Amino acid sequence: MVSFLIAYASWSGNTQEVAELVEETLLREGMDVTVHRIGLGPVPDPRQFDAMIVGSFTWDKGATPDEVKDFVLDVGYKPDNVYVFGTGDTQFGGDDLFCNAAVKLAKFYASRMAPLKIEQSPRGAQEQTVIDWAKGVLQQWKHSHALKC
């Protein structure tokens, strides 16, 4: 069974809602999922999972939150198969800074998929966007894994 680690940071609850939707989607697809809220408890070892999904809100003019930076340092290496999602708010910095933390993390990890960007909460029409992205992550992982076999 394919195992995913979902590690996320959330202050307002928006990023947590996205993490929960991603988790529900992967579980419905028969995947094994472990969720870790960044900043709480010991950091799981990504080597114990087939893929890692990192979620972050964007903070202070497009910055990545300190707790997410600390998580990256605590992991200590760049795992393969990392996917990224983020929440943000276009009213603070416009499109240039929207979900900039997710963009930076996806670039840092050389993610094979573009980061998912959610305006504030994933409710409403954005809920399906999250579900489709999570299914896309699974399909991309299966495709890249099949190429290695």
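Preceding block: the structure.
The shown structure was predicted, so the numbers you read here are calculated from the model rather than taken from an experiment.

Colleague: Break down the sheet that holds strand E4 (residues 82-88) for me, citing the residues and quoting the values.
Modeller: Each strand in a sheet pairs with another by means of backbone hydrogen bonds, the pair being arranged parallel or else antiparallel. With respect to topology, 5 strands assemble into an open sheet ordered E2-E1-E3-E4-E5, the strand pairing being parallel. Each having just a single partner strand, strand E2 (32-37) and strand E5 (116-119) make up the two edges of the open sheet. Ignoring strand direction, the axes of neighbouring strands in this sheet form an average angle of 15°. Both E4 and E5 contribute to a ladder of 4 bridges, which runs parallel. Among the inter-strand pairings, Gly-88 is bridged to a residue of E5, identified as Glu-119.

Colleague: Got a sec to walk through the packing of aromatic side chains? Specific residues and values, please.
Modeller: If you walk through the whole model with that rule in mind, you get 3 aromatic pairs. Consider the rings of Phe-85 and Trp-133, whose centres lie 6.2 Å apart with planes at 75°: the pair is edge-to-face. Separated by 48 residues along the polypeptide, Phe-85 in strand E4 and Trp-133 in helix H5 (residues 125-148) bring together distant segments of the chain. Taking relative accessible area as the criterion, Phe-85 reaches 0% and is therefore assigned buried. Across the ring face of Phe-108, the terminal group of Lys-78 is positioned such that the distance to the ring centre comes to 4.1 Å.

Colleague: Lay out the nonpolar core with the relevant residues and their values.
Modeller: Formed by 25 residues in total, the largest nonpolar core has its most connected members in Phe-4, Val-22, Leu-26, Ile-53, Phe-85 and Trp-133. Those elements that place two or more of their residues in this core are strand E1 (3-8), helix H1 (14-28), strand E3 (51-57), E4, E5 and H5. At 7 residues, the largest contribution of residues to this core is made by H5. Ignoring anything within four residues of it in the chain, the contact list for Leu-26 reads Phe-4, Ile-6, Met-31, Val-33, Ile-53, Ala-134 and Leu-138. Counting 20 residues, the second-largest nonpolar core is a separate cluster that includes Ala-7, Ile-38, Phe-49 and Phe-71.

Rules behind the numbers
- Residues numbered from 1 in each chain as written.
- Predicted model: local features only at pLDDT ≥ 70, side-chain atom pairs only at ≥ 80, totals over all residues.
- Heavy atoms only, no water.
- Pairing = 2+ DSSP bridges.
- Helix = DSSP H or I, 4+ residues; strand = E, 2+ residues; numbered from the N terminus.
- Axes fitted to C-alpha atoms, helices over the stretch in contact; angles between N-to-C directions.
- Phe/Tyr/Trp six-rings, centres within 6.5 Å; stacked < 30°, edge-to-face > 60°.
- Buried < 20%, exposed > 50% of the residue type's maximum accessible area, 1.4 Å probe, protein only.
- Lys NZ or Arg CZ within 6 Å of the ring centre and 35° of its normal.
- Core = buried A, V, L, I, M, F, W, Y, C linked by side-chain atoms within 4.5 Å.
- Contact = heavy atoms within 4.5 Å.

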